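Here is how the chains run, residue by residue.
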Amino acid sequence: MKPATVIDEVLANEWFAVLKSEELEASPKQVLIMGQRVVVFRTRKGVHAFKDLCIHRGSALSIGTVENDTIVCPYHGWQYDGEGHCVCIPAQSRSAAIPTKAKATVYHSEEKYGLIWVCLGTPSAPIPDLEPYRDPAFSTYTFGPYRVESSAARVIENFLDFSHLMWVHQGYLSDRAFSEMANYQVHRKEGRLVTDEVIVHEYNLEASHREFIPVTYVKEAYRPLTAFLTKTFGTGRIMCILMVSCPIDAHTSVTYTVHAINFDPGKLADYIAMNDAVMMQDVQILENQKPEELPLDLQAELSLKSDLLSIAYRKWLAELGVKMGTA
Ligand code: FES
Ligand code: CO
């Protein structure tokens, strides 16, 4: 049985990507953040996110419609504008005043990197604003949603993990022959965790025969559930991946990645297929890990030097007061 999901006080103030921009069309959509039902919809003013609950009789606004820049409740037709104020109650006369309490609970929402982001509380920090995504030399691609039956923190830790690359991602990224890892350090930089440059031997996608090349990885735990990877391939070719994982509940997450690349990654369909395949290799591990929550007690699992970033990540989450979202 799943544990009760509670809204974590720290994570409530984080931005989560909940949908790709293209996933939100004319109808409103429901998303879940830490068990909380949220309705996301679009008006001419942009995107909006409300608690998915009509104050009249508790209907879900997400099964309503968007009309004239308002969201219309499906039950009795109350209309809420983009700021959450009820502006029309069809059952009462036009001249009757609308009760001041007739309001929706409004959450922060923004659109960035082709994703819709929502914060349930007061944002502790802006949505990561990363240089490569602003640089015209880079093209950006957004991937996901990846729904994983695993906690968001396990998903992020998996992204931060180096020593699985040569094992889980054989055939796509690396090979077990390169498993042994050199020591690296983790640094605190402007409130983030950043590694030294770490060399990972990856398949040379440009070679027609099987060949590995050293690729420089720098990994960052950017926010509690947001990570960033910069890979440099020899001659100035750079690939960045921003990953954000939204806790749907304590044991389920939805993840998106945004890539910024300053070279031609080849046929887009192949590039997408390859990224999805790599993600599926991780998903198989993630959905079978126990416990589902990431243990923050450093004695709970056995760590090695090669796990330094994971250890730093767990310590950092504990320090920030993240509770892992279970009651
Ligand atoms: Fe929404 Fe009645 S429940 S209008
Ligand atoms: Co992986």
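Definitions and cut-offs
Residues numbered from 1 in each chain as written. Chains lettered and ligands numbered in written order. Predicted model: local features only at pLDDT ≥ 70, side-chain atom pairs only at ≥ 80, totals over all residues. Helix = DSSP H or I, 4+ residues; strand = E, 2+ residues; numbered from the N terminus. Rg over C-alpha atoms; globule rule 2.2 N^0.38 Å. Buried ≥ 20, exposed ≤ 12 C-beta atoms within 10 Å, placed from the backbone. Contact = placed C-beta atoms within 7 Å. Pairing = 2+ DSSP bridges. Axes fitted to C-alpha atoms, helices over the stretch in contact; angles between N-to-C directions. Core = buried A, V, L, I, M, F, W, Y, C linked by C-beta atoms within 7 Å. Domains from an automatic or database assignment. Nonpolar A, V, L, I, M, F, W, Y, C, P; charged D, E, K, R; others polar. Left-handed = near helix turned anticlockwise from the far one by under 90°.

The name an unreviewed UniProt entry assigns to the chain is Aromatic ring-hydroxylating dioxygenase subunit alpha, from the organism Paenibacillus whitsoniae.

Before going further, it helps to examine the overall build of the chain. Helix and strand counts for the chain come out as 5 helices and 18 strands. Computed over its C-alpha atoms, the radius of gyration of the chain comes to 22 Å, within 12% of the 20 Å expected for a compact globule of 327 residues. In terms of its C-alpha atoms, the chain occupies a principal-axis envelope of roughly 75 × 45 × 35 Å. Every one of the 327 residues in the chain was classed for burial, and the buried ones make up 34%. Sequence separation of 24 or more characterises 59% of the internal contacts of the chain that already satisfy a separation of 6 or more.

Turning our attention to the sheet that holds strand E1 (residues 16–20). What links the strands of a sheet is backbone hydrogen bonding, and the strands pair in either a parallel or an antiparallel sense. One open sheet accounts for 6 strands, arranged E1-E10-E9-E4-E3-E2; its pairing is antiparallel. This sheet does not close on itself; its edge strands, each paired only once, are E1 and strand E2 (29–33). Across the sheet, the mean angle from the axis of one strand to that of its neighbour is 30°, orientation sign disregarded. Bridge count for E2 against strand E3 (residues 36–43) is 5 bridges, and the pairing is antiparallel.

What follows covers the nonpolar core. Counting 65 residues, the largest nonpolar core has Val18, Val40 and Val118 as its most contacted members. Both domain 1 (26–109) and domain 2 (139–320) contribute no fewer than three residues apiece to this core.

A word on the domain arrangement of the chain. Structurally, the chain comprises domain 1 (26–109) and domain 2 (139–320). If you average the C-alpha positions of domain 1 and of domain 2, the two centres end up 38 Å apart. The interface is formed by 4 residues belonging to domain 1 together with 4 residues belonging to domain 2. Counted by class, the side of domain 1 that touches domain 2 contains 3 nonpolar, 1 polar and no charged residues.

This next bit is on the packing of helix H2 (residues 152–160) against helix H5 (residues 308–320). It is the contact of H2 with H5, at a shortest axis distance of 9 Å, that shows an interaxial angle of 145°. The handedness of the crossing between H2 and H5 is right-handed. For the pair H2 and H5, contact is made by Ala153, Glu157 and Leu160 and by Leu309, Ser310, Tyr313 and Leu317, respectively.

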